[in-house]
Amino acid sequence: MAARVGILRHLILVAVLLRCGAAADTYNVGDDMAWSVPPGGAAAYSVWAGEKSFELGDTVVFNWTGEHTVAKVSKDVYDNCTTANVLANDTQSTSPVTYTLNATEPQYFICTIGTHCSLGQKVTITISSASSLDAVTTMFFSVMAISFLISMKIS
């Protein structure tokens, strides 16, 4: 019986560590470039985002000076920079703006000022597949711990 309790404690500890071990990160969009019309066009934000490993629960912070906005939009709006379909209450105009990444689908952000989007002031944030794997692993160990508890009560 004592051995079972010891194993159970280890299973619960592993599940808790997997669930809580990785703290959410905060990313400043564009790093030193901040949120601006990039001198190199849209590639600048694609490269920036490609170098990051975004996970569920992370936050992205848009900082800027001057006249800019940020709006979370659909892929179609992002691809075509069609700001006419962006609702005013979906557009943030005061820096900084923080978004928490709470969905596994790609998330699209643009600036709605004039031609800023078509000049490259847009970014796609993609959640890494490792984040989804961590959730599956945590769920697995949690189910194992619960199963073990149930089997102890039956025995």
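Residues numbered from 1 in each chain as written. Predicted model: local features only at pLDDT ≥ 70, side-chain atom pairs only at ≥ 80, totals over all residues. Heavy atoms only, no water.

S.K.: Please clarify how the pattern of salt bridges should be interpreted in this entry.
M.R.: Pairing is possible between side chains of opposite charge, provided their charged atoms come close. Summed over the entire model, instances satisfying the criterion amount to two salt bridges. A salt bridge links Asp79 to Lys75; the shortest N-O distance between them is 2.8 Å. Of this pair, Asp79 and Lys75 both sit in helix H3 (residues 75-80), separated by four residues, roughly a single helical turn. Assessed through its relative accessible area of 43%, Lys75 is described here as partly exposed. (Salt bridge = Lys/Arg side-chain N within 4 Å of Asp/Glu carboxyl O. Helix = DSSP H or I, 4+ residues; strand = E, 2+ residues; numbered from the N terminus. Buried < 20%, exposed > 50% of the residue type's maximum accessible area, 1.4 Å probe, protein only.)

S.K.: Would you take a moment to explain the side chain of Thr112 for this structure?
M.R.: Here Thr112 shows up in the loop between strand S6 (107-110) and strand S7 (122-125). Sequence-distant contacts of Thr112, that is, excluding residues within four places in its chain, are made with Thr69, Ala71, Thr83, Val86 and Thr91. (Contact = heavy atoms within 4.5 Å.)

S.K.: Please explain the sheet that holds strand S4 (residues 91-92) as it appears in this structure.
M.R.: Where strands meet in a sheet, backbone hydrogen bonds hold them as pairs that are either parallel or antiparallel. Spatially, four strands are ordered S4-S3-S6-S7 in an open sheet, and the strand pairing comes out antiparallel. Of all the strands in the sheet, just S4 and S7 have a single pairing partner and so form its edges. For strand S3 (residues 70-73) and S4, the ladder comprises two bridges, and the chain directions are antiparallel. Bridged to Val70 within S4 is Gln92. (Pairing = 2+ DSSP bridges.)

S.K.: Any chance you could explain the sheet that holds strand S1 (residues 26-28) here in plain terms?
M.R.: Pairing within the open sheet is mixed, and its three strands lie in the order S1-S2-S5. Both outer strands of the open sheet, S1 and strand S5 (97-100), are each paired with one neighbouring strand and no more. Geometrically, the sheet is characterised by an average inter-axis angle of 20° between neighbouring strands, direction not taken into account. Note: strand S2 (residues 59-62) against S5, four bridges, orientation antiparallel. Its bridge partner lying in S5, Thr59 is registered against Thr100. (Axes fitted to C-alpha atoms, helices over the stretch in contact; angles between N-to-C directions.)

S.K.: It is not clear to me how unusual backbone geometry should be interpreted in this structure. Could you clarify?
M.R.: Outside of glycine, negative phi angles account for most residues, and trans bonds account for most peptide bonds. Residue Pro96 follows Ser95 across a cis peptide bond; omega there is 0°. Take Pro96: it is sitting in the loop between S4 and S5. Here the phi dihedral of Asp31 falls at roughly 50°; this positive angle occurs in a residue that is not glycine. By secondary structure assignment, the location of Asp31 is in the loop between S1 and helix H2 (43-50). In the Ramachandran plot, Ala34 falls in the positive-phi region, its phi being about 60° despite a non-glycine side chain. Checked against the element boundaries, Ala34 lands in the loop between S1 and H2.

S.K.: Even after reading the chapter, I still don't get the side chain of Thr69, so can you show me in this structure?
M.R.: Position of Thr69 relative to the elements: it lies in the loop between S2 and S3. Reaching out from Thr69, the side chain makes a polar contact with the side chain of Thr112 at a distance of 2.7 Å. In contact with Thr69, other than residues within four places in its own chain, are Trp35, Trp64, Thr91, Gln92, Ser93, Ile110, Cys111, Thr112 and Ile113. (Polar contact = N/O pair within 3.5 Å; in protein donor to acceptor, adjacent residues only side chain to side chain.)

Remember, this is a structural readout, not a statement about activity or role.
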